[in-house]
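One-letter residues, chain by chain:
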Amino acid sequence: MIKTYIKIAFRNILRYKANSAFNLLGLSLGIVCTLLLTLHIKEELSYDKVFPKHDRLYRMVTTEWAKSAPPLAAELKNFFPEISATTRFVQRGTNVVNTSFDTQSEIDGLYTDSSVVQMFDLKTVSGNPFQALKEPSSVVLSKSMSVRLFGNKNPVGQKLVFEDEEELWVKAVIEDLPKNTHLKFDYLVSMPTFYAFIAKALPGWIDNKGWMFGWTYIQLNQPADIEKINARLKDFYLKYLDGLIGKEEALSFAQSARIQPITDIHLKSDLIQEMSPNGNITYIYIFIAVEVLILLIACVNFINLFTVQAIKRLKEIGIRKIVGAEKRQISLQFLIQAFVLTLLSVIIALAIYQIAIPFYNNLTGRAITFHEVLKKENILIILLITCFVGFISGLFPSVFASSFLPIKALKATKDPKTSAIYVRKSLVVFQFVISGLLITCTLLIYQQMQLFKN
């Protein structure tokens with residue numbers, strides 16, 4: 001029987017070509033928009049979860065500042081036995097670098113401690129990055145930067161000249177970090193190099209507890225240890241600041257201190273002196289709302305067109321009921337046709353998705369490929385969208401078609417006056433209102449972006 005219903009579904013798709021074409025196009029566009037938004041949201045929510053120890057990694061911040069002082073890392077590790085490792089980052093900014101092969105490039109880098117290799121599980125390409133970040137005047141390149149500066153040659157042992165002044169030596173190369181992390185750098189320079197520079201420029205500042213010089217990260221022994229640290233964090237800061245500032249000021253600072261999960265940095269952090277521009281969780285909620293609205297519009301459009309097709313098939317429904325078809329069989333037939341149309345729409349949507357990828361990458365600054373959608377978790381998302389759309393879109397028309405009495409169905413010469421017709425008209429109004437709202441918001445945002453540019 002299922003096989004027969006599928007055959008009937010394809011026959012009706014071919015019989016009502018215009019209706020089916022509008023249905024497929026509308027649903028395909030809705031699904032491809034939903035798919036792009038879903039993958040974008042999924043990417044945003046995955047930030048910094050690429051690190052194996054992400055559930056044990058935190059950043060030390062206050063309610064206002066993202067940066068902290070140089071001695072903080074060592075003091076934290078001495079005070080809390082729950083902290084297994086610490087690391088610090090200091091911004092170097094954008095520099096012009098020259099190689100001995102007369103290659104020149106603008107690159108961004110960070111000073112950091114050698115513990116970063118273990119904490120963030122940096123993967124080695126060549127050399128020993130852990131040892132390199134312990135030595136003065138040494139630099140660790142990302143793989144892409146190594147290729148840009150030295151091609152396919154091994155850069156270990158080569159000299160880099162920054163701004164025609166500072167000479168550093170390449171001691172190791174590491175794999176590039178994934179795009180979905182707040183850590184952005186082309187190279188890392190050892191912390192001893194930074195110490196040597198500060199010792200000349202600002203003597204004594206390395207021990208300054210009031211200098212917000214960079215970002216301090218900690219690694220816990222166990223994820224549950226965060227509760228123990230939070231319970232004693234105020235005591236730590238009161239001891240850490242004892243004698244440096246007044247008691248009231250120290251208490252105020254201690255109360256403002258926070259331990260921030262690294263997975264919250266991208267979407268939930270907007271502090272002074274962030275490492276790089278972050279996203280905003282509010283936009284994720286907006287994208288989810290837009291995604292749901294677009295999918296609802298596509299479903300409503302499908303329901304309306306499919307209901308019109310059901311009305312045109314009332315005599316067929318009447319004859320089926322006369323020869324013994326039950327309501328559930330009529331409902332199942334229309335549901336199966338809805339799922340067939342949805343599956344065809346998904347196939348078309350994937351083709352449109354492949355065409356839309358370059359425009360999406362240009363808009364968002366990312367570099368996703370069509371193969372991204374073929375990952376297991378993304379295929380599961382597509383299946384869920386297919387099931388949701390197929391069921392929601394086919395439910396109302398199937399109930400509507402199966403509810404007619406055979407004699408009324410056979411006599412129908414125009415749209416039957418039922419409550420379902422008024423529901424369909426209400427859905428049309430809903431569709432236009434939501435479409436108008438989204439189009440208006442899009443135009444306003446476009447005009448605002450043009451204002452920013454010009």
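Remember, it's a predicted structure, so these values are computed and weren't measured experimentally.

1. Topic: the overall build of the chain
Move 1: The number of helices and strands found in the chain is 16 helices and 10 strands.
Move 2: A globule of 454 residues ought to have a C-alpha radius of gyration of about 22 Å, yet the chain, at 31 Å, is considerably larger.
Move 3: Projecting the C-alpha coordinates of the chain onto the three principal axes gives extents of approximately 95 × 60 × 45 Å.
Move 4: A total of 454 residues make up the chain; the buried ones form 46% of that total.
Move 5: Restricting the contact set of the chain to residue pairs at least 6 apart, pairs at least 24 apart contribute 78%.
Move 6: In the structure as shown, the chain presents an accessible area of about 23700 Å², 61% of it carried by carbon and sulfur atoms.
Move 7: Treating the 49 positive side-chain charges of the chain as one cloud and the 37 negative ones as another, the clouds have centres 19 Å apart.

2. Here we look at helix H3 (residues 72-79)
Move 1: Along H3, the positions that sit buried rather than exposed are Leu-72, Ala-73, Leu-76 and Phe-79. The buried side chains of H3 occupy one side of the element, clustering within an arc of 140° when seen end-on.
Move 2: On its buried face, H3 is in contact with strand E1 (57-62), strand E2 (83-99), strand E9 (215-220) and helix H8 (225-240).

3. What to know about the packing of helix H2 (residues 17-45) against helix H13 (residues 327-364)
Move 1: Where H2 meets H13, the closest approach of the two axes is 7 Å, and the angle between their N-to-C directions is 50°. Classified by the angle between their axes, H2 and H13 sit oblique to one another. For the crossing formed where H2 meets H13, the hand is right-handed.
Move 2: Among the residues forming the contact of H2 with H13, the class breakdown is 18 nonpolar, 6 polar and no charged.

4. Things to note about the layout of surface pockets
Move 1: The computed volume of the second largest pocket comes to approximately 220 Å³.
Move 2: For the second largest pocket, the lining is made up of 18 residues, of which Lys-209, Gly-210, Met-212, Leu-241 and Phe-253 are closest to its centre.
Move 3: Listing elements by their share of the lining of the second largest pocket, those giving two or more residues are E1, H8 and helix H9 (247-256).
Move 4: Residue classes in the lining of the second largest pocket are distributed as 11 nonpolar, 4 polar and 3 charged.

5. As for the environment of Leu-27
Move 1: Along the polypeptide, Leu-27 turns up in helix H2.
Move 2: When its relative accessible area of 0% is taken as the criterion, Leu-27 is described as buried.
Move 3: Separated by 311 residues in sequence, Leu-27 and Ala-338 have C-alpha atoms that sit 11 Å apart.

6. Digging into a nonpolar patch on the surface
Move 1: Taken together, the side chains of Phe-388, Phe-391, Ile-392, Leu-395 and Val-399 make up a nonpolar region of the molecular surface, amounting to roughly 400 Å² of accessible area.
Move 2: The residue Phe-391 is located in helix H14 (residues 376-402) in this model.

7. A closer look at the side chain of Ser-68
Move 1: With respect to the element layout, Ser-68 can be found in the loop between E1 and H3.
Move 2: Leaving out residues up to four positions away in the same chain, Ser-68 has contacts with Met-60, Trp-211, Met-212, Phe-213, Gly-214, Trp-215 and Thr-216.

8. Observations concerning the pairing of strand E7 (residues 166-174)
Move 1: As paired strands, strand E4 (residues 124-127) and E7 are joined by 3 bridges and run antiparallel to one another. When the sheet's bridge partners are listed, Gly-127 is paired in E7 with Ala-172.
Move 2: Strand direction decides the pairing type here: strand E5 (residues 138-142) and E7, joined by 5 bridges, are parallel. What sits directly across from Leu-141, in E7, is Val-173.

9. Comments concerning the pairing of strand E6 (residues 159-162)
Move 1: Note that E2 and E6 share 3 bridges and pair antiparallel. Residue Thr-99 lies in a different strand from E6, and its bridge partner there is Leu-160.
Move 2: By the bridge criterion, 4 bridges tie E6 to E7 in an arrangement that is antiparallel. Residue Val-161 lies in a different strand from E7, and its bridge partner there is Glu-167.
Move 3: Here E6 folds back onto E7, and the loop between the two strands holds 3 residues, one of which, Glu-163, carries a positive phi near 55°.

10. A look at the packing of H3 against H8
Move 1: One can describe the packing of H3 onto H8 by two numbers: an axis separation of 11 Å at closest approach and a directional angle of 125°. Accordingly, the angle class assigned to the pair H3 and H8 is oblique. With respect to the hand of their crossing, H3 and H8 are arranged in right-handed fashion. Along the contact surface, H3 presents Leu-72, Glu-75, Leu-76 and Phe-79, while H8 presents Arg-232, Asp-235, Phe-236, Tyr-237, Lys-239 and Tyr-240.
Move 2: Looking at the contact of H3 with H8, its residues break down into 6 nonpolar, no polar and 4 charged.

11. So, the state of the cysteines
Move 1: This model, assessed by the stated rule, comprises 0 disulfides.
Move 2: The thiol of Cys-387 is not disulfide-bonded; the next cysteine sulfur, from Cys-299, is found 13 Å away.
Move 3: Unpaired in terms of disulfides, Cys-441 finds its nearest cysteine sulfur in Cys-33, a separation of 15 Å.

Scoring rules and cut-offs
Residues numbered from 1 in each chain as written. Predicted model: local features only at pLDDT ≥ 70, side-chain atom pairs only at ≥ 80, totals over all residues. Heavy atoms only, no water. Helix = DSSP H or I, 4+ residues; strand = E, 2+ residues; numbered from the N terminus. Rg over C-alpha atoms; globule rule 2.2 N^0.38 Å. Buried < 20%, exposed > 50% of the residue type's maximum accessible area, 1.4 Å probe, protein only. Contact = heavy atoms within 4.5 Å. Areas by Shrake-Rupley, 256 points an atom, 1.4 Å probe, with all protein chains shown as cover. Lys, Arg positive; Asp, Glu negative; His and termini not counted. Charge placed at Lys NZ, Arg CZ, Asp CG, Glu CD. Arc of directions from axis to C-beta. Axes fitted to C-alpha atoms, helices over the stretch in contact; angles between N-to-C directions. Parallel < 35°, antiparallel > 145°, perpendicular 65-115°, else oblique. Left-handed = near helix turned anticlockwise from the far one by under 90°. Nonpolar A, V, L, I, M, F, W, Y, C, P; charged D, E, K, R; others polar. 1 Å grid on protein atoms, 1.4 Å probe; cavity = no way out; pocket = protein on both sides within 12 Å on 5 of 7 lines; lining within 4 Å. Points joined across faces, edges and corners; volume = space filled by probe spheres on them. Patch = residues over 30% accessible without salt bridge, like charges linked within 9 Å, V, L, I, M, F, W, Y side chains within 5 Å. Salt bridge = Lys/Arg side-chain N within 4 Å of Asp/Glu carboxyl O. Pairing = 2+ DSSP bridges. Disulfide = S-S within 2.5 Å.

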